[in-house]
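Given next are the chains, with one letter for each unit.
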Amino acid sequence: MGEELLIAFDSTQQALRAEMLLEYAEMEIDIFPTPKEITAGCAMSIQFFRKDLSGVREIIAGQNVEIRGIFGRNEEGNGYMEIHD
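Residues numbered from 1 in each chain as written. Predicted model: local features only at pLDDT ≥ 70, side-chain atom pairs only at ≥ 80, totals over all residues. Heavy atoms only, no water.

Trainee: Could you give me a rundown of the overall build of the protein chain, with the residues and numbers involved?
Mentor: Scanning the protein chain for helices and strands turns up 2 helices and 5 strands. Going from the N terminus to the C terminus, the protein chain shows its helices and strands as β-α-β-β-α-β-β. Relative to its length of 85 residues, the protein chain is compact, with a C-alpha radius of gyration of 12 Å against a globular reference of 12 Å. Dimensions of the protein chain along its principal axes, counting C-alpha atoms only, are 35 × 30 × 20 Å. By the burial criterion, 45% of the 85 residues in the protein chain qualify as buried. Pairs at least 24 apart in sequence give 67% of the contacts found in the protein chain among residues at least 6 apart. (Helix = DSSP H or I, 4+ residues; strand = E, 2+ residues; numbered from the N terminus. Rg over C-alpha atoms; globule rule 2.2 N^0.38 Å. Buried < 20%, exposed > 50% of the residue type's maximum accessible area, 1.4 Å probe, protein only. Contact = heavy atoms within 4.5 Å.)

Trainee: Could you give me a rundown of helix H1 (residues 12-24), with the residues and numbers involved?
Mentor: A rise of 1.5 Å per residue sets the reference length of H1, with its 13 residues, at 18 Å; its end C-alpha atoms lie 18 Å apart and thus fit the reference within 8%. Every buried residue of H1 is accounted for by Gln14, Ala15, Ala18, Glu19, Leu21 and Leu22. Packed against the buried residues of H1 are strand S1 (4-8), strand S2 (29-33), strand S3 (44-49) and helix H2 (53-62). At the exit of H1 stands Glu26, carrying a positive phi of roughly 60°. (Expected span 1.5 Å × (residues − 1).)

Trainee: With reference to specific residues and values, describe the pairing of S3.
Mentor: A large share of S3 lies buried, amounting to 6 of its 6 residues. Covered by surrounding structure in S3 are Met44, Ile46 and Phe48 together with Ser45, Gln47 and Phe49, the residues of both alternating faces. Pairing of S1 with S3 involves 4 bridges; the strand directions are antiparallel. Each bridged residue has a counterpart across the sheet, and for Ile7 the counterpart in S3 is Ile46. Inspection of the sheet shows S2 paired to S3 by 5 bridges, in the antiparallel sense. The partner of Asp30 across the bridge, within S3, is Gln47. (Pairing = 2+ DSSP bridges.)

Trainee: Can you explain the pattern of salt bridges? Please cite residues and give values.
Mentor: Applying the stated rule across the entire model yields 3 salt bridges. The shortest N-O distance in the salt bridge between Arg50 and Glu3 comes to 3.0 Å. Within this pair, whereas Arg50 is found in the loop between S3 and H2, its partner Glu3 is found in the segment before S1, the two being separated by 47 residues in sequence. By relative accessible area, Arg50 is classed as partly exposed at 29%. For Glu3, a relative accessible area of 34% gives the class partly exposed. Note that Lys51 and Asp52 form a salt bridge whose closest N and O atoms lie 3.3 Å from each other. Note on Lys51: relative accessible area 56%, which makes it exposed. Residue classification places Asp52 among the buried positions, given a relative accessible area of 14%. (Salt bridge = Lys/Arg side-chain N within 4 Å of Asp/Glu carboxyl O.)

Given below as structure tokens:
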């Protein structure tokens with residue numbers, strides 16, 4: 001279906017809020033443990049498909065959800081890098 005991306009958070013409250021908003025928008029998401037390579041204050045991340053990136057960003061920005069960042073696998077596939085596009 002496509003490359004998976006992660007949203008990392010600094011608080012569980014913001015993660016749960018984002019989960020609710022994205023599910024309400026009928027985005028296909030999964031709750032995923034925050035990988036140890038990503039420094040974040042919350043152990044919960046949201047995984048989604050790259051094809052939904054613009055919609056996810058629109059919801060996050062429009063609802064003022066505080067996130068640590070959006071991350072994808074690096075080229076080697078052994079770590080993560082922040083997505084800026």
